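# Observations on the three-dimensional arrangement
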Amino acid sequence: MSVTRAPEGLTQRGDTGGGTGGIGESTPRPDGVLKVTGEFAYSSDLWHEDMLWGHTLRSPHAHARIDGIDISAALAVPGVHAVLTHDDLPAATHYGLEIHDQPVLARDVVRYQGEPVALVAADHPETARRAAARIRVAYTELPVVHDEASATGPGAPVLHPGRADHHAAHAPHPNIVHRQPIRHGDVAAAAPTADVVVTGTYEVGMQDQAFLGPESGLAVPAPDGGVDLYIATQWLHVDQQQLAPVLGLPREKVRLTLSGVGGAFGAREDLSMQAHACLLALRTGRPVKIVYNRRESFFGHVHRHPAKLSYEHGATRDGKLVYVRARIVLDGGAYASSSPAVVGNAASLGLGPYEVPHAEVEALALYTNNPPCGAMRGFGAVQACFAYEAQMDKLAAALGMDPVELRQRNAMSEGSVLPTGQVVDSPAPVAELLRRVKARPLPPERQWETTGTGGTRATDVRALPGGLSNTSHGEGIVRGVGYAVGIKNVGFSEGFDDYSTARVRLETIGGEPVATVHTAMAEVGQGGVTVHAQIARTELGVTQVGILPADTRVGSAGSTSASRQTYMTGGAVRNTCEAVRAEVLRRGAARYGWAAPERLRLEGGKVVTADGEVLAALADVLGDEAIDMELEFRHRPTQPFDPETGQGFGHVQYSFCAHRAVVEVDTDLGLVKVIELAAAQDVGKAINPQAVVGQIHGGSVQGLGLAVLEEIVVGPDGRIRNPSFTDYLIPTILDTPTMPVDVLELADEHAPYGLRGVGEAPTLSSTPAVVAAIRQATGRALTRVPVRPEHIVAPA
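Reference entry: report on the structure contained in this document. (Residues numbered from 1 in each chain as written. Predicted model: local features only at pLDDT ≥ 70, side-chain atom pairs only at ≥ 80, totals over all residues. Heavy atoms only, no water.)

## Considering the overall build of the chain
Filter applied, for reference: Strands are runs of DSSP state E lasting at least 2 residues, helices are runs of H or I lasting at least 4, and numbering of each runs from the N terminus. Note on method: radius of gyration uses C-alpha positions; expected globular size equals 2.2 Å times residues raised to 0.38. Relative accessibility under 20% of the residue-type maximum defines a buried residue, over 50% an exposed one, and the middle range a partly exposed one, all with a 1.4 Å probe and only protein chains included. The Shrake-Rupley method, run with a 1.4 Å probe sphere, supplies the accessible areas, and residue values consider only the shown protein chains as cover. Charge counting treats Lys and Arg as positive and Asp and Glu as negative, with His and both chain ends excluded. Where a charge lies is defined by one atom per residue type: Lys uses NZ, Arg uses CZ, Asp uses CG and Glu uses CD.
Summing up its helical and strand segments, the chain has 19 helices and 32 strands in all. Over its C-alpha trace the chain gives a radius of gyration of 27 Å, about what one expects of a compact globule, namely 28 Å for 796 residues. Each of the three principal axes of the chain carries a C-alpha extent, and together these read 80 × 75 × 65 Å. Across the 796 residues that make up the chain, the buried fraction comes to 60%. Only carbon and sulfur atoms are counted for the fraction: they give 51% of the accessible area of the chain, which is about 29,000 Å². Each charge class in the chain was averaged separately, 68 positive and 89 negative side chains, and the resulting centres sit 2 Å apart.

## Section: a nonpolar patch on the surface
Selection criterion: Here the term patch refers to residues with relative accessible area over 30% and no salt bridge, with like charges joined within 9 Å and nonpolar side chains (Val, Leu, Ile, Met, Phe, Trp, Tyr) within 5 Å. We define a salt bridge as a contact between a side-chain nitrogen of Lys or Arg and a carboxyl oxygen of Asp or Glu at a distance within 4 Å.
Taken together, the side chains of L468, I733 and L734 define a hydrophobic patch exposed on the protein surface, amounting to about 350 Å² of accessible area. Topologically, L468 is positioned in the loop between strand 20 (456-458) and strand 21 (477-490).

## A word on the pattern of salt bridges
Enumeration over the complete set of coordinates arrives at 46 salt bridges. E603 is the salt-bridge partner of R601, the closest N and O atoms lying 2.5 Å from each other. Looking at E603, the relative accessible area reads 39%, which means it is partly exposed. Between R660 and E676 there is a salt bridge whose closest N-O contact spans 2.7 Å. Of this pair, R660 sits in strand 29 (residues 653-666) while E676 sits in strand 30 (residues 671-682); the two residues are 16 residues apart in sequence, bridging distant segments of the chain.

## Comments concerning the pairing of strand 12 (residues 216-221)
Put simply, the test is: Pairing between strands is defined by DSSP: at least two bridges between the two strands are required.
Judged by how many residues are buried, strand 12 sits mostly within the fold: five of six residues are covered. Where strand 12 lies against strand 15 (residues 288-291), four bridges are found, and the strand directions are antiparallel. Bridge pairing links S216 to V291 in strand 15. Relative to strand 13 (residues 227-231), strand 12 runs antiparallel, the two being bridged by five bridges. Bridge pairing links V220 to D228 in strand 13. Turn length for the strand 12-strand 13 hairpin, with the two strands adjacent in sequence and antiparallel, is five residues, and the turn residue G225 shows positive phi of about 90°.

## Let's talk about the packing of helix 7 (residues 236-247) against helix 8 (residues 274-284)
The description of two packed helices rests on the angle between their axes and on the distance between the axes. Let me state the cut-off plainly: Note on geometry: axes are C-alpha line fits, over the in-contact stretch for helices, and angles between N-to-C directions span 0 to 180 degrees. Here the angle decides the label: under 35 degrees means roughly parallel, over 145 means roughly antiparallel, 65 to 115 means roughly perpendicular, and every other value means oblique. For any pair of crossing helices, the crossing counts as left-handed if the nearer helix is rotated counterclockwise from the farther one by less than a right angle, and right-handed if it is rotated clockwise. The contact rule is simple, with two residues in contact once any of their heavy atoms fall within 4.5 Å. Asp, Glu, Lys and Arg are counted as charged, while Ala, Val, Leu, Ile, Met, Phe, Trp, Tyr, Cys and Pro are counted as nonpolar; the rest, among them Gly, fall into the polar class.
The contact between helix 7 and helix 8 brings their axes to 10 Å, and the two run at 40°. By the angle class used here, helix 7 and helix 8 are oblique. Crossing angle aside, the handedness with which helix 7 passes helix 8 is right-handed. Here helix 7 contributes D239, L243, V246 and L247 to the contact with helix 8, which in turn contributes Q274, A275, C278, L279 and L282. Within the contact of helix 7 with helix 8, the residues separate by chemical class into seven nonpolar, one polar and one charged.

## Structural notes on the sheet that holds strand 28 (residues 627-634)
On the basis of which strands lie adjacent, the open sheet formed by four strands has the order 24-23-22-28 and mixed pairing. The sheet is open, and its two edges are formed by strand 24 (544-547) and strand 28, each paired on a single side. Taken over all neighbouring pairs, the strand axes of this sheet differ in orientation by 20° on average, direction set aside. By the bridge criterion, seven bridges tie strand 22 (residues 499-509) to strand 23 (residues 512-518) in an arrangement that is antiparallel. Its bridge partner lying in strand 23, T508 is registered against P513.

## Focus: the nonpolar core
Definition in use: To form a nonpolar core, buried Ala, Val, Leu, Ile, Met, Phe, Trp, Tyr and Cys residues must be joined to one another through side-chain atoms within 4.5 Å.
Y311 and V770 are the most contacted members of the largest nonpolar core, which has 94 residues in total. When residues in this core are grouped by element, the largest group, 12 residues, is from helix 11 (residues 381-399). Membership of the second largest hydrophobic core comes to 44 residues, among which are A121, V227, L247 and L280.

## Here we look at the packing of aromatic side chains
This is how it is decided: Here is the rule: rings of Phe, Tyr and Trp (six-membered ring for Trp) pair when centre to centre is within 6.5 Å. Planes less than 30 degrees apart are stacked, more than 60 are edge-to-face, and the remainder are tilted. Only Lys NZ and Arg CZ are tested; either one counts as a charge over a ring when it is within 6 Å of the ring centre and within 35 degrees of the ring normal.
One pass over the full model with this rule turns up 12 aromatic pairs. Taking the centre distance of 4.8 Å and the plane angle of 65° together, the rings of F40 and Y42 count as edge-to-face. Ring centres of F298 and F725 lie 5.9 Å apart, and the angle between their planes is 85°; on these two criteria the pair is classed as edge-to-face. Of this pair, F298 sits in helix 9 (residues 294-300) while F725 is found in the loop between helix 17 (689-708) and strand 31 (741-744), placing the two residues 427 residues apart along the sequence. The exposure class of F298 is buried, given its relative accessible area of 1%. Pairwise contacts between aromatic rings join W235, F492 and F496 into one cluster. The ring of F211 has R268 lying over it, and the distance from NZ or CZ to the ring centre is 4.0 Å.

## Looking at the sheet that holds strand 7 (residues 109-110)
Strand pairing in a sheet is mediated by backbone hydrogen bonds. Such pairs are either parallel or antiparallel. A sheet is described by the order of its strands in space; here three strands give the open sequence 7-3-9, paired in antiparallel fashion. One side of each edge strand has no neighbouring strand; the edge strands of this open sheet are strand 7 and strand 9 (136-141). Strand direction decides the pairing type here: strand 3 (residues 64-70) and strand 7, joined by two bridges, are antiparallel. Its bridge partner being in strand 7, A64 is matched across the sheet by V110.

## Comments concerning the packing of helix 12 (residues 403-410) against helix 13 (residues 430-439)
Between helix 12 and helix 13, the least distance of the axes is 9 Å, while the angle of their chain directions is 160°. On the basis of their axis angle, the class for helix 12 and helix 13 is roughly antiparallel. The handedness of the crossing between helix 12 and helix 13 comes out as left-handed. Residue-level inspection shows V404, R407 and Q408 of helix 12 in contact with helix 13, the latter providing A431, L434, R435 and K438.

## As for helix 12
Residue pairs three or four apart in sequence face the same way in an α-helix, which turns once every 3.6 residues. Heads up, the condition is: To obtain the arc, one takes the directions from the helix axis to the C-beta atoms. For the purposes of these results, a polar contact is taken to be a pair of N or O atoms within 3.5 Å, where, inside protein, one atom must be able to donate a hydrogen and its partner to accept one; residues adjacent in sequence count only when each atom of the pair is a side-chain atom.
Buried within helix 12 are the following residues: V404, L406, R407 and N410. Each buried residue of helix 12 sits inside an arc of 160° when the element is viewed along its axis, so together they form one side. Buried-residue contacts for helix 12 involve strand 17 (321-331), helix 11, helix 13 and strand 21. The opening residue of helix 12, the one whose side-chain oxygen lies 2.9 Å from the backbone nitrogen of V404, is D402.

## Here's the deal with the side chain of S259
Relative to the helices and strands, S259 is located in the loop between strand 14 (254-258) and helix 8. Residues in contact with S259, not counting those within four places in the same chain, are S43, L46, Y230, I231 and A232.

## Observations regarding unusual backbone geometry
Along the chain, V785 connects to P786 via a cis peptide bond; the corresponding omega equals 5°. Look at F265: it is not a glycine, yet its phi comes out positive at around 60°. For F265, the location among the structural elements is in the loop between strand 14 and helix 8. Even without being a glycine, L782 presents a positive backbone phi close to 50°. Examined against the element boundaries, L782 turns out to sit in the loop between helix 18 (761-778) and strand 32 (784-785).

## Structural notes on the environment of L434
Mapped onto the elements, L434 comes out in helix 13. The sequence separation of L434 and Q408 amounts to 26 residues, and the corresponding C-alpha distance is 7.2 Å. Those residues in contact with L434 that lie beyond four places of it in its chain are V404, R407, Q408, A484, V485 and A658.

## Considering the side chain of E760
Residue position: E760 is located in the loop between strand 31 and helix 18. Exposure remark for E760: the relative accessible area of 7% places this residue in the buried category. Excluding residues within four positions of it along the chain, E760 makes contact with R377, G378, F379, K488, N489, A562 and S563.

Pasting the structure below:
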């Protein structure tokens, strides 16, 4: 990794020094060794000696009326303690992140395959499964809504009749969850002035988050009539907010503690088994554990929205963009989840990191009978990036121009105006990121040897497309190189009150100053617990920092999503540490008579002057009196996009990443091997440089998976064809190429330490870069991802 420090005038806010393990150092993760050795306790490892096991009966149909449910045979199974249906719900019957449209248990109708219908609690997981299989549900199948035509065409069934009045004012059809247009400039007047126009229609398949730790948790009934839930989630407080009305309990009696999370990527933002475990625990008076198997996990969480995107780009002969028209249709599936926010992202970021003087964009999400879709890494910007980057390549070809040069000629920079009217008021080094990935030396060509039949083959079969399967023997292999760049927002947007809370305690233990940090941040593998300790060490000048388990005893930290946790909860930890430090210096000044205590620092367990003179030991200043503070942190406010024009200060920060992909393709067999995936990204400030590179690597591989492997295949009947890791393929270490990373640190003066959210941006640009490289190797248009062998070898 190479690091470019911030130039003069773009310095980071706050102290970037500190002792060992402070800001800017590659501090090891405290959970790293445990996870690598298999000793880390995940939520699926939870155990209570008196617990029961829960299981969910799910609909086999994508759309059907429920005519009756008979649970008598299930209740008769020895070891069964409870069977619940919709009629047993004690209070609220629906929940949802933004729109409460999702039933806890289906009542009159099921809207997707896998929708929960009934619950069983038994003394053994196999008993619970067998009992659930004995529940008899009478269904009458209904017409399946599976695409835009069937959702909005004549005679389309309204999937959520209760929302029809809402949609009359906000969307042209009740099966449209949300719609967001963007109007910028005057496309009608500008279009005739374009010298070159290219159009294209693109499709993105349904991608799964494919985390390795399935949904799981343990609900324990409490003596006060409440419940304690130990759960793998991304947002403890929003779970609590949705659960309390469903359980008929005040929020303070629904207590959540984060358990070990085996990956998330957006799929744990929505409720899965949380309400079901709590309902069974409260009904039986016993702890109830639920663990999904892999098949159930595919039905039990949301996925990335499949999309169909139509674009028209107009440019001058010298390659300057004149206008862009775009229409983005996202399949939201049966329930809303976070589709409205995904639509907002797709619309506002749908033209890429380019200066576009005139634009018309329409983005919308549909209700269908396909599996529900919601948050996944990249959150609407991934689908758009694949389309607009394909368009930039097509435009470059039409102009006879280098595709990187075309992008650089139109690249936004600090001061650029987005199609939403928002001015980019922090560094936007788009052209520089592209320059860096292009300037990197290409990987060497493969070494070939002659076979006995006069053909050639690679000296190492692992170097060939198809890898260890030895499918390809080297004939018809062509190299391709492709580029892409993307723009992603950071944090919650469109006027959402985005805040995080941190509690910090500083005390003397055993003669040494010790800081303890308590937040509700969900550690899902991103390394936030490491960052929080680094911030505390830097701000408080201590070496010993403890991180308490995340739970709802402290204020909300928001969701571990939107690349926001280091910015938001890190900002809360920093602000609280600053307040604790100020109190330390106030006490010291009162005791020792220090002048201008605001100029003093805490470093190495001491109070020191700006010149490094030691005034006192921190432990002596604290004595036996701890300092304990809890504060909230908010970023600068955003505003909703205008519902007709899309104008508004919608996002607090932007993140940029560029990729160059190098692939080798067996054009006879349609096999692809990505041999290098180089990235360049501006991170503002690398709080933990090694963790930053890890995030860029992880996002890049997830984008590679969407490019060539990953898709949940859903038929027109709404049924999933491949709900297993046997048939849903994700990249393994054998599919992972060399991934050199170039990190820029150009500070955003509005952000804590000048940092910029890292985790999502590489997921955007890696997909179109890989596909661009395959296009160059094959000459195929390749307008859909994932690219399959038949797309490469089918007759043109």
